[in-house]
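# Tertiary structure, described
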Amino acid sequence: MPHSTGSLSEFIARWKESGAAERANCQPFLGELCDVLGVPCPEPAQPLDEQNAYVFERAVTFHNGDGSTSTGRIDLYKRGCFVLEAKQVSSGLGGGYYLNRLALEHIAQKPGARAH
């Protein structure tokens, strides 16, 4: 269960300086972002990918130029809406997620945002 953050400004402060540990931080970060934005969190993954409409780590098949295939993962997938690949900035660059830098402060300026 994601850590509940009371406001957008608290969320930004919590994640702004997170370390360069993308795999460890991605799902908690995105779960908390969903909470702050008031949108549903992703569902538990199901055995069949056809059933995985909104999940973390959705399997995808890559068709390579040489005719071979390989399997990869999408960090967060919502069918018909988006594919999200999280990238965390290294701690030497100030830490945190690109999403913090590019979107969250913009979101905080929108009418109805919960930035206390």
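Along each chain, residue indices are assigned from 1 in the same order as the chain's sequence is written. Where totals are concerned, whole chains, interfaces and linings use all residues; where local detail is concerned, this predicted model gives features only for residues with pLDDT of at least 70, and gives and counts side-chain atom pairs only at 80 or more. As a convention, hydrogens and water are excluded, and side-chain values are obtained from all of the structure's heavy atoms.

This paragraph deals with helix H2 (residues 22-37). A rise of 1.5 Å per residue sets the reference length of H2, with its 16 residues, at 22 Å; its end C-alpha atoms lie 21 Å apart and thus fit the reference within 8%. By the burial criterion, the buried members of H2 are Asn-25, Cys-26, Phe-29, Leu-30, Gly-31, Glu-32, Leu-33, Cys-34 and Val-36. The helix count covers DSSP runs of H or I at least four residues long, the strand count covers runs of E at least two residues long, and both are numbered beginning at the N terminus. Helix span is expected to be 1.5 Å times the residue number reduced by one. Residue exposure (1.4 Å probe, protein chains only): buried if accessible area is under 20% of the type maximum, exposed if over 50%, otherwise partly exposed.

Right, let's talk about the nonpolar core for a bit. Grouped together as the largest cluster of nonpolar side chains are 14 residues, with contacts concentrated most on Leu-8, Phe-11, Phe-29, Leu-30 and Leu-76. Among the secondary structure elements, those contributing two or more residues to this core are helix H1 (8-15), H2 and strand S1 (54-63). At six residues, H2 tops the list of elements feeding residues into this core. Here, the term nonpolar core denotes a set of buried Ala, Val, Leu, Ile, Met, Phe, Trp, Tyr and Cys residues that are joined through side-chain atoms within 4.5 Å.

All right, on to the environment of Thr-71 then. Assignment of secondary structure puts Thr-71 in strand S2 (residues 69-78). Distance in space between the C-alpha atoms of Thr-71 and Thr-61 is 4.6 Å, their sequence separation being ten residues. It only takes one pair of heavy atoms within 4.5 Å for two residues to be counted as in contact. Among residues more than four places away in sequence, those in contact with Thr-71 are Ala-59, Val-60 and Phe-62.

Now for the side chain of Ser-7. Mapped onto the elements, Ser-7 comes out in the segment before H1. Taking relative accessible area as the criterion, Ser-7 reaches 2% and is therefore assigned buried. Polar contact is the term for a pair of N or O atoms within 3.5 Å; when the atoms are in protein, one must be able to donate a hydrogen and the other to accept it, and sequence-neighboring residues count only if both atoms are side-chain atoms. Within the structure, Ser-7 has its side chain in polar contact with the side chain of Ser-9 (distance 3.1 Å).

We note that Glu-57 has phi near 55 degrees; this positive angle belongs to a residue other than glycine. With respect to the element layout, Glu-57 can be found in strand S1. The partly exposed category is assigned to Glu-57, whose relative accessible area is 34%.

Assignment of secondary structure puts Glu-10 in helix H1. Judged by relative accessible area, Glu-10 falls into the partly exposed class, the value being 46%. Considered as a pair, Glu-10 and Val-36 are 26 residues apart in the sequence and their alpha carbons are 9.5 Å apart.

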